[in-house]
Amino acid sequence: TPLSSIRNFSIIAHIDHGKSTLADRLIQRTGGLQDREMTAQVLDNMEIEKERGITIKAQTVRLDYTAKDGKAYVLNLMDTPGHVDFAYEVSRSLAACEGALLVVDAAQGVEAQTLANVYQSIEHDHEIIPVINKIDLPAAEPEKVKAEIEDLIGLSTEHAVLASAKAGIGIDEILEAIVAHIPPPKGDAAAPLKAMLVDSWYDPYLGVVILVRVIDGVLKKGQQIKFMEAGTVHLVDRVGAFRPKIDVLAELGPGEIGFITAQIKEVAQTAVGDTITDAKRPTAEALPGFKLVQPVVFCGLFPIDANDFEKLRDSLYKLRLNDASFSFEMETSAALGFGFRCGFLGLLHLEIIQERLTREYDLDLITTAPSVVYHINLAHGEGMTELHNPADMPDPMKIDTIEEPWIEATIYVPDEHLGSILKLCQDRRGIQKNLTYVSGRAQLTYELPLNEVVFDFYDRLKSISRGYASFDYHQIGYREGDLVKMNVLVNNEPVDALSMIVHRSAAETRGRHMVERLKDLIPRHMFKVPIQAAIGGKVIARETIAALRKDVTAKCYGGDASRKKKLLEKQKEGKKRMREYGNVSIPQEAFIAALRMG
Ligand code: GDP
Ligand code: MG
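The shown structure was predicted, so the numbers you read here are calculated from the model rather than taken from an experiment. (Residues numbered from 1 in each chain as written. Chains lettered and ligands numbered in written order. Predicted model: local features only at pLDDT ≥ 70, side-chain atom pairs only at ≥ 80, totals over all residues. Heavy atoms only, no water.)

1. Quick look at the overall build of the protein chain
The number of helices and strands found in the protein chain is 14 helices and 34 strands. When each of the 598 residues of the protein chain is scored for burial, the buried share is 54%. Long-range contacts, defined as pairs at least 24 residues apart, comprise 69% of the intrachain contacts of the protein chain with a sequence gap of at least 6. Carbon and sulfur atoms provide 49% of the accessible area of the protein chain, an area that totals close to 26,600 Å². (Helix = DSSP H or I, 4+ residues; strand = E, 2+ residues; numbered from the N terminus. Buried < 20%, exposed > 50% of the residue type's maximum accessible area, 1.4 Å probe, protein only. Contact = heavy atoms within 4.5 Å. Areas by Shrake-Rupley, 256 points an atom, 1.4 Å probe, with all protein chains shown as cover.)

Next up, the structure:
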């Protein structure tokens, strides 16, 4: 395909503003699929992606479009991951394009999540075409939203298109705007191959599929290619594009986006952002911007039923086949037995993996407190170690200082909720950096310790603002903090799965909250059960669960035998979902519920 007839673009949108609906319309309009093949949201093909309305893997679709000028164009639409946890993947997808459609809901206006991606898009020198979507809604205020785009983002709305993806309004105008305003890619077909590995996933039929953007040179079947960062060589056995159905092509030239397969067994061998070159005639320089993605949030996953350990391990292996950004290694806990310490890109990523294990692999799991990675600077010049699990915290005597990761958060909130959001940030040790008002909404910038955000910050933000606040963040490095390990003791025994690292100033509040929660969550036993939170040997909070006096079946008066049997069975059923600590049973829900700060 000649460069002049290629257009590569992504769609930037806040969740629910209509990205998927618009993508489907564009596919339909350009004839990629027959009407009867249009199932809802073609691009989000994982069940969880559909349910949550987010994209986890970058996807592309090649559209053949004959413009009003009579010329045939190849448009590559790149759907990018829609969540802060996958910010690096988003940055690579954007780097593969020359332009973007900025889809904004005409009734909702611009949201924080959108802003973060728009700024990234601007950094990549993209031509951005605003699409004011949902103009069919009675509450639509397209002119107001246009003004917002100009004021907030500083983006001209001269070429903005008013559209309704749902009603099919403005679709031709969008296609024409793409051809007219997004620049064609540049590249040299005669130069050595240089392509970017945009994303990869495991397909049961094809094996590992790699999404690529060719910069220079040509990629074809039978070629020996080299991944420059990984240092590995592979033989290309298939080259193609998604229309959205697989279309095998002879080659991919400069400026093109498509896929390759190369008999690669594991996604872990393919690093997003890596440079692909010709093994025999390599390019001199790799592409800029490569970053090794590393998990930032860790937690333990333990099977409720110890017999499920093997099944859990196999399931984790299977999930990792398709997701190299999550990690796991075996862990033993005094209380929970054998399980795995798992690393994730963020809380949403954790939730997705947890949900898939439960739903697709039918596992009952206990998740321990999520923790960030701390840097422990050891005393006596013994260097720094990374702490992934509070249970592994060295003796405080051996620690010089502890550093924790910080983030910069951008929060967008309607005026009436500002006060409570400020308080929330303040309670979480936030440092306010900026506060501006734009069209009745406040835009806040805060620096926060990641540790204070991973638990329930986002949930709190949403509930305080009744869903109107939006939130986005990126990491800004490590800072020293007065951090201590808090242990929880149930019946005088430490429960390792509940120990956590907290800031000293918050320890007492957190400790009290934890023991109060546990008091409600742990059922009564035949004896008194003390629950304590402690730092080292010092108890900072305590509650006691009173002893159970009567046998559960006593109230049946011995009369109704079947009722008695039912009660006992119910009790047994309950036991299955409990964990025994010494002689105390703790229900599964307690582990997660106790960690919510409320
Ligand atoms: P995404 O999260 O950005 O991918 O958004 P979706 O495409 O999934 O759309 C979110 C919701 O908005 C769905 O219920 C769509 O049917 C609806 N929607 C999308 N575009 C329009 C539109 O132009 N008008 C109206 N009224 N609803 C729309
Ligand atoms: Mg969507």
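2. A closer look at unusual backbone geometry
Looking along the chain, the bond that leaves Arg243 and enters Pro244 is cis, with omega of -5°. The residue Pro244 is located in the loop between strand E12 (238-242) and strand E13 (246-248) in this model. Positioned with a positive phi, Asp16 is a non-glycine residue whose angle comes to about 80°. As for its position among the elements, Asp16 is in the loop between strand E1 (6-13) and helix H1 (19-29). Taking relative accessible area as the criterion, Asp16 reaches 62% and is therefore assigned exposed. With phi around 60°, Asp362 is a residue other than glycine that occupies positive phi space.

3. Some words on the side chain of Asp278
With respect to the element layout, Asp278 can be found in strand E16 (residues 275-278). Buried Asp278, no salt bridge; nearest opposite-charge side chain is Lys280, N-O distance 5.8 Å. Engagement of the side chain of Asp278 in a polar contact is seen with the backbone nitrogen of Lys280, the distance being 2.8 Å. Not counting the four nearest positions on each side in its chain, Asp278 is found in contact with Leu193, Gln223 and Gln224. (Lys, Arg positive; Asp, Glu negative; His and termini not counted. Salt bridge = Lys/Arg side-chain N within 4 Å of Asp/Glu carboxyl O. Polar contact = N/O pair within 3.5 Å; in protein donor to acceptor, adjacent residues only side chain to side chain.)

4. Considering helix H4 (residues 112-123)
Helix length check: H4 (twelve residues) gives 17 Å between terminal C-alpha atoms against 16 Å at 1.5 Å per residue, within 8%. Within H4, the full set of buried residues consists of Ala112, Gln113, Thr114, Leu115, Asn117, Val118, Gln120 and Ser121. Just downstream of H4, Asp125 is the residue with a positive phi angle, here 60°. (Expected span 1.5 Å × (residues − 1).)

5. Digging into the side chain of Glu256
If you trace the backbone, Glu256 turns up in the loop between strand E14 (251-252) and strand E15 (257-261). A relative accessible area of 5% places Glu256 in the buried class. In this structure the side chain of Glu256 is engaged in a polar contact, spanning 3.1 Å, whose partner is the side chain of Arg62. Leave out the neighbours within four places in its chain, and Glu256 touches Thr1, Ile6, Arg62, Val212, Arg213, Val214 and Glu251.

6. Points about the sheet that holds E16
Taken in spatial order, the eight strands of this open sheet run E11-E10-E16-E7-E8-E15-E12-E13, and their pairing is antiparallel. Among the strands making up the open sheet, the edge pair consists of strand E11 (232-235) and E13. When strand polarity is set aside, the average angle formed by the axes of neighbouring strands in this sheet is 40°. (Pairing = 2+ DSSP bridges. Axes fitted to C-alpha atoms, helices over the stretch in contact; angles between N-to-C directions.)

7. Describing the pairing of strand E10 (residues 224-227)
The two faces of E10 differ: Ile225 and Phe227 on one face are buried, but Gln224 and Lys226 on the other face are not. Looking at chain direction, E10 and E16 are connected through three bridges and run antiparallel. Within E16, the residue paired with Ile225 across the bridge is Asp278.

8. Observations concerning the UniProt feature "binding site: GTP" (unreviewed entry) in the protein chain
Here the UniProt-annotated "binding site: GTP" (unreviewed entry) positions come out as Asp16, His17, Gly18, Lys19, Ser20, Thr21, Asn133, Lys134, Ile135 and Asp136. Mapped onto the elements, Lys19 comes out in helix H1. A residue is classified by how much of its surface remains accessible, and Lys19, at 14% relative accessible area, is buried. Assignment of secondary structure puts Lys134 in the loop between strand E5 (127-133) and helix H5 (142-153). When sequence neighbours within four positions are dropped, the list of residues in contact with Lys134 reads Asp16, His17, Asp105, Ala106, Ala140, Ala163 and Ser164. (UniProt positions renumbered as here; feature names shortened; annotations may be inferred.)

9. A look at the state of the cysteines
Counted under the stated rule, the structure contains zero disulfides. We note that Cys342 lacks a disulfide partner, and the nearest cysteine sulfur, in Cys299, lies 6.0 Å from it. (Disulfide = S-S within 2.5 Å.)

10. Details of the confidence of the model for the protein chain
On average, residues of the protein chain carry a pLDDT of 87, and 87% of them reach 70 or more. We note a pTM of 0.78 for the whole complex and an ipTM of 0.99 for its interfaces. (pLDDT = per-residue confidence, 0-100.)

11. Concerning the nonpolar core
Counting 49 residues, the largest nonpolar core has Leu357, Phe457 and Phe471 as the members making the most contacts within it. Aside from chain neighbours lying at most four places away, what touches Phe471 is Ala112, Gln113, Ile407, Ala409, Thr410, Ile411, Val453, Phe457, Tyr458 and Leu461. In this structure, Ala23, Ala163, Ala165 and Ile171 belong to the second largest nonpolar core, which totals 28 residues. (Core = buried A, V, L, I, M, F, W, Y, C linked by side-chain atoms within 4.5 Å.)

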